[in-house]
Structures are given as structure tokens and as C-alpha cells.
Amino acid sequence: MGAVAHLYRGEVYRSTIWRTRLDTTTNWAVVTLGVALSISFASPDASPLPLVLVGVLIIFFLMLEARRYRYFNVWRARARWLETHFYAPMLYDGDLHLEENWQKVLANDYMRPKYHVPYMVAVGRRIRRNYLWILLIQSLAFAGKIAVHPTAVQSWDEAFRRADVGPLPGEVIIGFGTVYMIAWIFLAFWSDRDDARRARARKTESAMG
């Protein structure tokens, strides 16, 4: 009992540490987007280019956060497994056999540790939790900059010309931005459906990850 209690405390501690690391990358993404907004909207003549370039940093932080999430999910799943198969049954009626072989499942996870979710599913989960809103704000800020600075846009042709980036015409930049947003939204919905599919395949509410 004492060993299991210390094991649970250790898993909760590790999941808490990795939860904090997830928050750090999200904060970095928010701060860099804020800097890009400040630069682009500093004056009517300021370039919208920072709002385009910040997308590279946001995606980098998203990829890094998805990797960290896979580690966090291991510790979180183990802690949750102990809660549902050890503490909850013990508190309910003193029976530690709510599900047969739960100890072996946990032991195998320690002996042969592995990620509980695929990398792209982890990316989709982080988009659904945080990054979809960050990406939407980035896209809306770019559209707003084109629409109002230096004066209110009067035509689509004028909007495309304002979106020009060096040798790249505005049509290419706006088209790329549209595909950019659709791709991340698609990944978010795909990961949600994949989570649901894997939950149905388990045929039980009890699972790690």
C-alpha cells in the first residue's frame, strides 16, 4: 500500500511538471503573436509581413508542444489508472479488483514504456485545446491589417496588392493562408474522430492514454 501510494505521488508530480511545460510553449506562441500584432499595427504603413512570419514560430511551438504532450500523457494515464483501479475501488468497497489484470497492464507499461497516442493525434489535440484560437487570431489579424491599413480597402485587387510579400503576389499569400488554416482545422477534426474511433475499438471505458 505504501509503495503504491508513493508511486502515485511520483506519477502525479511528473504529470504536473509536464503540464507546466505544455503551458510554457503555449505562452511562447501567444507572446510571439502579440509581438507580431504590435509591429504590424504600430502604424498604418507598417508591413503585414510579421503576421505571416509569426506563423512559422507558432507551428514550431505547436510541434514542440505535441511532443511534450505525448510525454505528459504517459504520466497522466498512469496516475489516472491508479486512481480508477486502486484508490476508487478501495474507497468504494475495499475491493481492488474492479478490472481483472489491471496490475499487469500497469506493470507492462513500466517494463515496456511507450507513447499512448500517435504524434499527429497529439498535434490535433493541442490544436483543439489551444492553438486553433491562436491560429484564428493570426489569420483574422492579417485580414484586418489588409482591410484597414493604410486606408479602408476598396476592392479585391487592392487587397491582393497589399498582401504582396516581396516577389510573391498577394494571391499566392492569401491562397497559402487559406490552405494553412483549412489544413490545421482538418487535422483537429481528424484527431477528434480518431480518438472516438479508438475509444470504440477498445470496447471498454478503462484504458491508458
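See the structure shown above.
Residues numbered from 1 in each chain as written. Predicted model: local features only at pLDDT ≥ 70, side-chain atom pairs only at ≥ 80, totals over all residues. Heavy atoms only, no water.

A. Looking closely at the overall build of the protein. Counting its secondary structure elements, the protein contains six helices and zero strands. Relative to its length of 209 residues, the protein is extended, with a C-alpha radius of gyration of 23 Å against a globular reference of 17 Å. Dimensions of the protein, computed from the C-alpha atoms along their principal axes, are close to 70 × 30 × 30 Å. Within the protein, the proportion of its 209 residues that are buried is 36%. Sequence-distant contacts in the protein: of pairs separated by 6 or more residues, those separated by 24 or more amount to 77%. (Helix = DSSP H or I, 4+ residues; strand = E, 2+ residues; numbered from the N terminus. Rg over C-alpha atoms; globule rule 2.2 N^0.38 Å. Buried < 20%, exposed > 50% of the residue type's maximum accessible area, 1.4 Å probe, protein only. Contact = heavy atoms within 4.5 Å.)

B. Examining the environment of valine 153 more closely. Tracing the chain through its elements places valine 153 in the loop between helix H4 (119-148) and helix H5 (156-162). Residue class for valine 153 comes out partly exposed when judged on its relative accessible area of 28%. In this structure the C-alpha to C-alpha distance between valine 153 and aspartate 164, which are eleven residues apart in sequence, comes to 14 Å.

C. The packing of helix H2 (residues 49-92) against helix H3 (residues 102-111), seen in detail. Where H2 contacts H3, the two axes come as close as 11 Å, and the packing angle between them is 160°. Between H2 and H3, the angle falls in the class roughly antiparallel. The element H2 and its partner H3 pack so that their crossing is left-handed. Across the interface between the two elements, Val74, Arg78, Trp81, Leu82, His85 and Phe86 from H2 touch Trp102, Val105, Leu106, Asp109 and Tyr110 from H3. (Axes fitted to C-alpha atoms, helices over the stretch in contact; angles between N-to-C directions. Parallel < 35°, antiparallel > 145°, perpendicular 65-115°, else oblique. Left-handed = near helix turned anticlockwise from the far one by under 90°.)

D. Examining the nonpolar core more closely. Core analysis: the largest hydrophobic core is formed by 35 residues, its most contacted members being Ile58, Leu62, Val123, Ile127, Tyr131, Leu135 and Trp184. Of all the elements in the fold, those that place two or more residues in this core are helix H1 (2-40), H2, H4 and helix H6 (170-202). The element that contributes the greatest number of residues to this core is H2, accounting for eleven residues. The residues touching isoleucine 127, leaving out its near neighbours within four places in the chain, are Leu62, Leu132, Trp184, Leu187 and Ala188. Among the nonpolar cores identified, the runner-up in size contains seven residues, and Ala79, Trp81, Phe86 and Leu106 belong to it. (Core = buried A, V, L, I, M, F, W, Y, C linked by side-chain atoms within 4.5 Å.)

E. Fine view of the packing of H4 against H6. Running from N to C, H4 and H6 point in directions that differ by 150°, and their axes come no closer than 9 Å. Considering their axes alone, H4 and H6 lie roughly antiparallel with respect to each other. Relative to H6, H4 is oriented so that their crossing is left-handed. Residue composition of the contact of H4 with H6, grouped by class: 17 nonpolar, four polar and six charged. (Nonpolar A, V, L, I, M, F, W, Y, C, P; charged D, E, K, R; others polar.)

F. Broad picture of the environment of glutamate 83. Tracing the chain through its elements places glutamate 83 in helix H2. Counting along the chain gives 75 residues from glutamate 83 to tyrosine 8, while the straight-line C-alpha distance between them is 8.3 Å. With residues up to four places along the chain from it excluded, the contact list for glutamate 83 reads Tyr8, Ala88 and Pro89.

G. Here's a closer look at H6. Helix length check: H6, at 33 residues, gives a terminal C-alpha distance of 48 Å against a target of 48 Å (1.5 Å per residue), a fit within 8%. Those residues of H6 not exposed but buried are Gly170, Ile173, Tyr180, Met181, Trp184, Leu187, Ala188, Ser191, Asp194, Asp195 and Arg198. As for H6, its buried residues are in contact with H2, H4 and H5. (Expected span 1.5 Å × (residues − 1).)

H. A look at a nonpolar patch on the surface. A cluster of nonpolar side chains, Val31, Val35 and Ile39, forms an exposed patch at the surface whose accessible area comes to about 260 Å². By the element assignment, isoleucine 39 lies in helix H1. (Patch = residues over 30% accessible without salt bridge, like charges linked within 9 Å, V, L, I, M, F, W, Y side chains within 5 Å. Areas by Shrake-Rupley, 256 points an atom, 1.4 Å probe, with all protein chains shown as cover. Salt bridge = Lys/Arg side-chain N within 4 Å of Asp/Glu carboxyl O.)

I. A look at the packing of aromatic side chains. Considering all chains together, one arrives at eight aromatic pairs under this definition. Centre to centre, the rings of tryptophan 28 and phenylalanine 61 are 5.7 Å apart; their planes meet at 55°, and the pair counts as tilted. With tryptophan 28 in helix H1 and phenylalanine 61 in helix H2, the pair connects residues that are 33 residues apart, well separated along the chain. A relative accessible area of 9% means that phenylalanine 61 is categorised as buried. (Phe/Tyr/Trp six-rings, centres within 6.5 Å; stacked < 30°, edge-to-face > 60°.)

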